[in-house]
Amino acid sequence: MGRPAKALPSAKGAVGSNPTLSAPGPGVPGRPPMRLIPVNDPADPRLAPYTGLRDHDLRQKRERRGGDFDGIFVAEGSLVVARAVAAGYRLVSVLLPYGRAERPLAFAVPDDVPVYVAEGRLLAVVTGLGVVRDVLAVLHRRPLVPLWWLLAGSRRLVLLEGVANPTNLGVIVRSAAGLGFDGFLLDPSCCDPLYRRASRAAMGEVFALPYGWLGRFPGSWGPLREHGYTIVALTPEASAEPIGALRLPAGAKVALLLGAEGPGLTGASLAAADRRVRIPMHRGVDSLNVGAAAAVACYAVAAATG
Ligand SMILES: C[S@@+](CC[C@H](N)C(=O)[O-])C[C@H]1O[C@@H](n2cnc3c(N)ncnc32)[C@H](O)[C@@H]1O
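An account of the accompanying structure is given in this report. Predicted model, so just to flag it, every value in this text is computed and none were measured.

## Examining the overall build of the protein chain
Across its full length, the protein chain holds ten helices and 13 strands. In the protein chain, 78% of the contacts between residues at least 6 apart in sequence involve partners at least 24 apart.

In structure tokens, the structure reads:
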């Protein structure tokens with residue numbers, strides 16, 4: 001496990017060799033104050049799961065089955081962590097900068113979950129994030145819902161091909177959740193929805209909306225067909241039908257397919273989709289950011305299917 005080796009000057013506000021601090025800090029109103037555990041050494045193994053947070057590829061490698069951090073993920077921000085906890089994800093540990101330790105958290109921390117507190121500069125070195133102002137937490141992953149359950153119980157799904165950018169993925173998931181979609185499905189080249197930046201951009205909706213992984217598109221669409229989904233591909237191509245004219249039977253099951261920034265959808269997926277729709281563009285703008293396109297299309301598809 002690669003660890004930052006650089007030693008830091010002693011942490012401001014840290015309590016020397018005291019193993020723990022009792023502070024009025026990050027308790028939830030109405031709960032007794034939590035036990036804060038000061039950490040002063042960036043190589044402290046208890047901080048290992050919080051390392052390399054800015055590096056999505058590294059995190060994916062470490063969090064995959066058999067990796068150093070198999071079975072866990074990191075979430076950032078009190079409200080985002082609260083959404084994860086509310087959705088049933090269990091906390092492993094919590095990490096706070098000293099400046100954040102005096103305000104309550106939006107979630108309860110069970111007594112057996114350690115709450116580490118550290119000086120801001122140490123956190124910056126450990127995490128690789130520029131400034132850490134809010135809470136970080138490590139949580140256990142949960143088993144994904146079975147694909148048949150997601151397909152049988154949903155009416156509207158988002159289908160993503162090559163959406164590797166975590167912020168775009170988070171924005172899409174937030175739109176899908178807020179605009180009446182029931183879940184989302186990813187091809188193998190998409191970003192991990194539980195990656196810190198994705199869950200933050202989604203304001204925690206990745207924890208509320210069920211999702212699953214499929215094989216490469218379009219070869220993996222058999223189960224969608226079996227469950228009666230119409231696959232609607234979103235593409236800026238001029239030959240596609242304008243989304244405002246999209247008509248679908250009321251109650252139709254729809255999978256809305258979106259592609260990556262840059263290349264867009266593959267030719268194979270475009271050819272295999274049942275419908276191809278475009279958001280008409282003006283002023284010579286060729287396309288929208290995929291997150292913006294998802295918001296427009298989720299709204300239009302929800303309206304078209306009642
Ligand atoms: C930035 S676009 C990719 C542009 C790429 N040159 C193409 O032709 O698809 C990323 C994704 O957002 C969606 N998108 C963006 N603008 C769109 C538009 N005006 N109409 C339909 N879909 C759009 C599509 O799903 C597209 O694959």
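## Brief notes about the site of the ligand
The full set close to the ligand counts 15 residues, and P236, G259, G264, S287 and A293 are the nearest of them. Residue composition of the shell around the ligand, by class: nine nonpolar, four polar and two charged.

## Considerations on unusual backbone geometry
P218 follows F217 through a cis peptide bond whose omega is -10°. Note on placement: P218 falls in the loop between β9 (211-213) and α8 (222-226). For M203, which is not glycine, the phi dihedral falls at a positive 50°. As for its position among the elements, M203 is in the loop between α6 (196-201) and α7 (205-208). The class of M203 is partly exposed, set by 19 C-beta atoms lying within 10 Å.

## So, the environment of A250
Relative to the helices and strands, A250 is located in the loop between β11 (241-242) and β12 (253-258). Distance from A250 to T305, taken between C-alpha atoms, is 4.8 Å for residues 55 residues apart in sequence. Among all residues touching A250, those that are not within four sequence positions of it are T305 and G306.

## Brief notes about the environment of L186
Inspection of the secondary structure puts L186 in strand β8 (residues 183-186). Along the backbone, L186 and W213 are 27 residues apart, and their C-alpha atoms lie at a distance of 4.9 Å. Ignoring sequence-local partners within four residues, the contact set of L186 consists of L160, Y211, W213 and L214.

## Comments concerning helix α5 (residues 166-178)
Because each turn of an α-helix spans 3.6 residues, side chains separated by three or four positions end up pointing in the same direction. Helix length check: α5, at 13 residues, gives a terminal C-alpha distance of 18 Å against a target of 18 Å (1.5 Å per residue), a fit within 8%. In terms of burial, α5 is largely enclosed, as eleven of its 13 residues are buried. Restricting attention to buried positions, one finds in α5 the residues P166, N168, L169, G170, V171, I172, V173, R174, S175, A176 and A177. Positive backbone phi, approximately 95°, marks G180, located one or two places after α5.

## A look at the packing of α5 against helix α10 (residues 290-305)
Running from N to C, α5 and α10 point in directions that differ by 10°, and their axes come no closer than 8 Å. Considering the angle they form, α5 stands roughly parallel to α10. Where α5 abuts α10, its residues N168, V171, I172, S175 and A176 lie against V290, G291, A294, A295 and C298.

## So, the pairing of strand β13 (residues 275-278)
Bridge count between strand β10 (residues 229-234) and β13: three bridges; the pairing is parallel. The residue of β13 that forms the bridge with L234 is V277. Bridging between β11 and β13 involves two bridges; their strand directions are parallel. Residue pairing across strands places E241 opposite V277, the latter belonging to β13.

## Focus on the sheet that holds β13
The strand order across the open sheet built from seven strands is β9-β8-β7-β12-β10-β13-β11, with neighbouring strands paired in parallel fashion. Where the open sheet ends on each side, the last strands, each with one partner, are β9 and β11. Lying on the sheet, α5 is in contact with β7 (156-160), β8 and β12; it crosses β7 at an angle near 170°.

## Considerations on the nonpolar core
Among soluble globular proteins, nonpolar side chains are generally buried collectively. The biggest cluster of nonpolar side chains holds 89 residues, and the ones touching the most others in it are V158, I172, L256, L257 and L258. Per-element accounting of this core gives the leading share, seven residues, to α10. Split by domain, the residues of this core number at least three in each of domain 1 (23-140) and domain 2 (147-305).

## Digging into the pairing of strand β2 (residues 35-38)
Residues L36 and P38 of β2 are buried on one face, while the alternating residues R35 and I37, pointing to the opposite face, are not. Direction of pairing for β2 relative to strand β5 (residues 115-118): parallel, over a ladder of three bridges. From the neighbouring strand, P38 faces β5, where its bridge partner is V117.

## Observations concerning the environment of V85
Within the secondary structure, V85 sits in helix α2 (residues 78-86). Taking the C-alpha atoms as reference points, V85 and A108, separated by 23 residues in sequence, lie 8.5 Å from one another. Residue contacts for V85: discarding those within four places in its chain leaves L91 and F107.

## Topic: helix α3 (residues 120-127)
Within α3 the residues assigned to the buried category are L122, L123, V126 and T127. The buried residues of α3 occupy one face: seen down the axis, they fall within an arc of 115°. The secondary structure elements touched by the buried residues of α3 are β4 (91-97), β5 and β6 (136-140).

So, how was this worked out
- Residues numbered from 1 in each chain as written.
- Predicted model: local features only at pLDDT ≥ 70, side-chain atom pairs only at ≥ 80, totals over all residues.
- Helix = DSSP H or I, 4+ residues; strand = E, 2+ residues; numbered from the N terminus.
- Contact = placed C-beta atoms within 7 Å.
- Near = placed C-beta within 6 Å.
- Nonpolar A, V, L, I, M, F, W, Y, C, P; charged D, E, K, R; others polar.
- Buried ≥ 20, exposed ≤ 12 C-beta atoms within 10 Å, placed from the backbone.
- Expected span 1.5 Å × (residues − 1).
- Axes fitted to C-alpha atoms, helices over the stretch in contact; angles between N-to-C directions.
- Parallel < 35°, antiparallel > 145°, perpendicular 65-115°, else oblique.
- Pairing = 2+ DSSP bridges.
- Core = buried A, V, L, I, M, F, W, Y, C linked by C-beta atoms within 7 Å.
- Domains from an automatic or database assignment.
- Arc of directions from axis to C-beta.

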